[in-house]
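Chain by chain, the residues:
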Amino acid sequence: MHDPALRRCWALYLESSEEVAFDVNAFLAGRDPRRRTRHWVALAPHLDAPVTVEEAAILALGSLSEAQWTAYAEVAARISEPVLQVLIDAGLVFQRDRPTPAHLRDLALRDAQWHPLLATTHAFTRWSGVDSIEAQQASGIHSTADMMQAVGPPPSHYRRREDAGARIDLDRPRDADLDVLLRRRATCRNFDVSTPLARAALASVLHRTFGEQAQETIEPGAVALKKNHPSGGGLHPLEAYLLVRRVEDMAAGLYHYNVEAHALDRLPAPPAFDPDAFAHTMVAGQHYFADAAVLLVVAARFPRSFWKYRRHPKIYRAILLEAGHASQNLYLAATEIGLGAYVTAAINEVEIEQAFGLDPLFEGPIAVCGFGPRAELRTTVELDPAGQVWDAEGRLNRSR
């Protein structure tokens, strides 16, 4: 039966955007050369990109339900057909009897149990094709001194409350093995590109960071895993996807860490796959991070958390916190066996999703960690305030 009823997409936010262009003629005439144009942009997380919309389209979108289907004739009586067709073509409005890729994507988003604002944030903060080093060089800011010259000094490194009352001094803890390990933890930007990582070391870092330590059946079909970091609702949605570059007795390529088997499953690579080039793409051109023996994508399997926390405004934050807990454990697991490690959020999520076969509505990269043997000489700046990693001449401190 022909049913041309309409409704708009489920999640939709509008943003006013202003662009500034240089008007040469105005400059030559002695007028303000800045030509400003304003337009509205629709952000809908089921689409791959923002959509520019006119004011008439905004009013039309506001008059349509995101839940209830309305007869086409009724909608056309209050919205002009040209405006309506623009919205249909843009994938912001759907006809029930004509499923399009955008419509099917919208249906998937409705079923995925995302909070709409968080789905929008997740969709439109993903990077693609970004080279952060190139962008930094283009900005002209190459050092802390440059940054301070451009924007002034940073906020104070200490927080002092002027309204505080009496102060109670606290005893400092006595040094323990944990303190020694924490002092040695530092972000590595200098990896040894000639020495492969031992396979046993890879297994150790993975098991301590993402591995199952125990399990408990809560109900038939509902199993709680014990891992070495806390997780919202005890659900542990994080997955580890690896780009292996230099590991003993392992082929370079893409892998998934199989927690159940404590094993690495080899994944198919895209056509003409270049591991070295992909490493640079993963970490948005941060060449010092791309040099790690292993680059590990911390990805969230969203349905695992959304099963319990359905369209919940706090669960995305809980997932981000968990990724932070896991990355710190990775640092400590790597540091304890003498490896360097890092974590970065400056990543090209879109290319990572494509390479590993991830659908961002259901499984998406949160961060990239890397680890491997450190270089003997520091050639790239690293922060090591405790002086645990490098000596005064920039040589690796083997005595620690």
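For the structure itself, consult the block above.
Note that this is a predicted model, so its numbers are computed, not measured. (Residues numbered from 1 in each chain as written. Predicted model: local features only at pLDDT ≥ 70, side-chain atom pairs only at ≥ 80, totals over all residues. Heavy atoms only, no water.)

A. Up close: unusual backbone geometry. Positive phi, normally seen in glycine, also occurs at H262, with a value near 45°. Among the secondary structure elements, H262 is positioned in the loop between β9 (253–258) and β10 (263–266). You can call H262 partly exposed: its relative accessible area is 36%. Positioned with a positive phi, A272 is a non-glycine residue whose angle comes to about 55°. Within the secondary structure layout, A272 lies in the loop between β10 and α11 (275–282). (Helix = DSSP H or I, 4+ residues; strand = E, 2+ residues; numbered from the N terminus. Buried < 20%, exposed > 50% of the residue type's maximum accessible area, 1.4 Å probe, protein only.)

B. The sheet that holds β10, seen in detail. Strand order in this open sheet of 6 strands is β10-β9-β8-β11-β13-β12, and the pairing throughout is antiparallel. What marks the edges here is a single partner per strand, and that holds for β10 and β12 (340–344). Sheet twist, expressed as the mean angle between neighbouring strand axes with direction ignored, is 30°. (Pairing = 2+ DSSP bridges. Axes fitted to C-alpha atoms, helices over the stretch in contact; angles between N-to-C directions.)

C. Here's a closer look at the sheet that holds strand β2 (residues 13–22). Pairing in this open sheet of 3 strands is antiparallel, and the strands run β2-β3-β4 from one edge to the other. Edge positions in the sheet fall to β2 and β4 (51–53), since each of these pairs with one other strand and no more. For this sheet the average axis-to-axis angle between neighbouring strands, irrespective of direction, equals 45°. As judged from the 10 bridges shared by β2 and strand β3 (residues 34–43), these two strands associate in the antiparallel manner. Directly across from E15, in β3, lies its bridge partner V41.

D. Quick look at the packing of aromatic side chains. All told, the structure shown has 11 aromatic pairs when counted by the stated rule. Clustering of aromatic rings is evident, with ring pairs tying together W114, F302, F306 and Y316. Residue placement shows R189 over the ring face of Y288; its charged tip is 4.3 Å from the ring centre. (Phe/Tyr/Trp six-rings, centres within 6.5 Å; stacked < 30°, edge-to-face > 60°. Lys NZ or Arg CZ within 6 Å of the ring centre and 35° of its normal.)

E. Up close: the nonpolar core. Counting residues in each nonpolar core, the largest one holds 68 residues, and the members touching the most others are L242 and F371. Broken down by element, the residue count for this core peaks at 9 residues, all from helix α14 (residues 315–336). Residues in contact with L242, not counting those within four places in the same chain, are L202, L206, G253, L254, Y255, Y257, L264, V294, L295, L296 and F356. Listed in part, the 25 residues of the second largest apolar core include C9, A42, I58 and L61. (Core = buried A, V, L, I, M, F, W, Y, C linked by side-chain atoms within 4.5 Å. Contact = heavy atoms within 4.5 Å.)

F. Representation of the packing of helix α10 (residues 199–210) against α14. Contact pair α10 / α14: the axes reach a minimum separation of 9 Å and the direction vectors enclose 145°. Judged by the sense of rotation from one axis to the other, the crossing of α10 with α14 is right-handed. Contacts between α10 and α14 involve V205, R208, T209 and F210 from the first element and A326, N329, L330, A333, A334 and E336 from the second. Within the contact of α10 with α14, the residues separate by chemical class into 6 nonpolar, 2 polar and 2 charged. (Left-handed = near helix turned anticlockwise from the far one by under 90°. Nonpolar A, V, L, I, M, F, W, Y, C, P; charged D, E, K, R; others polar.)

G. Here's a closer look at the state of the cysteines. Overall, the coordinates contain 0 disulfides when judged by the stated rule. You can see C188 has no disulfide; the closest cysteine sulfur is in C369, sitting 13 Å from it. (Disulfide = S-S within 2.5 Å.)

H. Molecular detail of the pattern of salt bridges. Applying the stated criterion across every chain, the model contains 17 salt bridges. R36 is the partner of E18 in a salt bridge, and the nearest nitrogen-oxygen pair spans 3.2 Å. On the criterion of sequence distance, the pair formed by E18 in strand β2 and R36 in strand β3 is long-range, its members being 18 residues apart. Using a relative accessible area of 38% as the deciding quantity, one classes R36 as partly exposed. When the shortest N-O distance is used, the salt bridge between R38 and E18 registers 2.9 Å. Taken together, the residues span a long stretch of sequence, with R38 in strand β3 and E18 in strand β2 at a distance of 20 residues. (Salt bridge = Lys/Arg side-chain N within 4 Å of Asp/Glu carboxyl O.)

I. A look at a nonpolar patch on the surface. Nonpolar side chains collect at one region of the surface, where F22, V24, F27 and L28 lie side by side and expose about 460 Å² of accessible area between them. No other element matches the 3 residues that helix α1 (residues 24–28) contributes to the nonpolar patch. Looking at where L28 falls in the secondary structure, it is placed in helix α1. (Patch = residues over 30% accessible without salt bridge, like charges linked within 9 Å, V, L, I, M, F, W, Y side chains within 5 Å. Areas by Shrake-Rupley, 256 points an atom, 1.4 Å probe, with all protein chains shown as cover.)

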